[in-house]
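Fold and geometry: a report
Now for the letters of each chain:
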Amino acid sequence: MDKAIQLRVRKDLDPRQQLTVIKLKGSLISKGYTEIIHILDQDEEFHINTFETSSDKRNEVQDYITAFINQENLFDTITIK
């Protein structure tokens, strides 16, 4: 099973959205899901944030991200690829 998880993050964010995206990334690291998140340009509108996690935590991480997106109302800002 692939250990990489990719997040598609909109580039044009308001200050609240930027802070919330930083909060999500920080929590992924502080919870021990990953140590580093790589950021690449996809196109004019989106970045791709990629990180690796252990295969036994993959579903837990995806559930955490989905819950975070729902809780913070970031449906148009972040998607899991």
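Here, the structure is the one placed above.
Residues numbered from 1 in each chain as written. Predicted model: local features only at pLDDT ≥ 70, side-chain atom pairs only at ≥ 80, totals over all residues. Heavy atoms only, no water.

**As for the nonpolar core**
This is how it is decided: Only buried residues count toward a nonpolar core, which is a set of Ala, Val, Leu, Ile, Met, Phe, Trp, Tyr and Cys residues joined through side-chain atoms within 4.5 Å. Each residue is assigned to one of three classes by its accessible area relative to the maximum for its type, calculated with a 1.4 Å probe on protein chains only: buried under 20%, partly exposed between the two thresholds, exposed over 50%. Strands here mean DSSP runs of E at least two residues long; helices mean DSSP runs of H or I at least four residues long; both are numbered from the N terminus. Should any heavy atoms of two residues lie within 4.5 Å, those residues are considered in contact.
Leu7, Leu24, Leu28, Phe51, Val61, Ile65 and Ile78 are the most contacted members of the largest nonpolar core, which has 16 residues in total. Where this core is concerned, the elements lending two or more residues are strand S1 (4–10), helix H1 (15–30) and helix H2 (58–72). Among the elements that take part in this core, H2 stands out by supplying four residues, more than any other. Apart from the residues lying within four places of it in its own chain, the contact partners of Val61 are Ile5, Leu28, Tyr33, Phe51 and Thr53.

**Quick word on the packing of aromatic side chains**
Short version of the rule: Here a Phe, Tyr or Trp ring, Trp counted by its six-membered ring, pairs with any other such ring whose centre lies within 6.5 Å, and the pair is stacked when the planes are under 30 degrees apart, edge-to-face when over 60, and tilted otherwise. Put simply, a charge is over a ring when the Lys NZ or the Arg CZ is close to the ring centre, within 6 Å, and near the line of the ring normal, within 35 degrees.
Overall, the coordinates contain two aromatic pairs when judged by the stated rule. Where Tyr33 meets Tyr64, the ring centres are 5.9 Å apart and the plane angle is 50°; that geometry is what we call tilted. Here the residue Tyr33 occupies a position in the loop between H1 and strand S2 (38–41), and Tyr64 occupies one in helix H2, the gap between them amounting to 31 residues. Residue classification places Tyr64 among the partly exposed residues on the basis of a relative accessible area of 22%. A centroid spacing of 6.3 Å and a plane angle of 40° characterise the contact between Tyr64 and Phe68, whose relative ring orientation is tilted. Here Tyr64 pairs with Phe68, and both are found in helix H2, just four residues apart, close to one helical turn. Phe68 sits in the buried class, given a relative accessible area of 6%. Members of the aromatic cluster, joined through ring pairs, are Tyr33, Tyr64 and Phe68. Looking at Arg8, its charged tip hangs above the ring of Phe46, at a distance of 3.6 Å from the centre.

**Quick look at the environment of Asn49**
Structurally, Asn49 can be placed in strand S3 (residues 46–52). For Asn49, a relative accessible area of 1% gives the class buried. With 11 residues separating them along the chain, Asn49 and His38 place their C-alpha atoms 5.5 Å apart. Discounting chain neighbours no more than four positions away, the residues touching Asn49 are Ile5, Gln6, Leu7, Val9, Lys25, Ile37, His38 and Ile39.

**Focus: the environment of Gln42**
Tracing the chain through its elements places Gln42 in the loop between S2 and S3. Overall, Gln42 belongs to the partly exposed group, its relative accessible area being 37%. Placed 16 residues apart in sequence, Gln42 and Arg58 show a C-alpha to C-alpha distance of 23 Å. Aside from chain neighbours lying at most four places away, what touches Gln42 is Arg8, His47 and Ile48.

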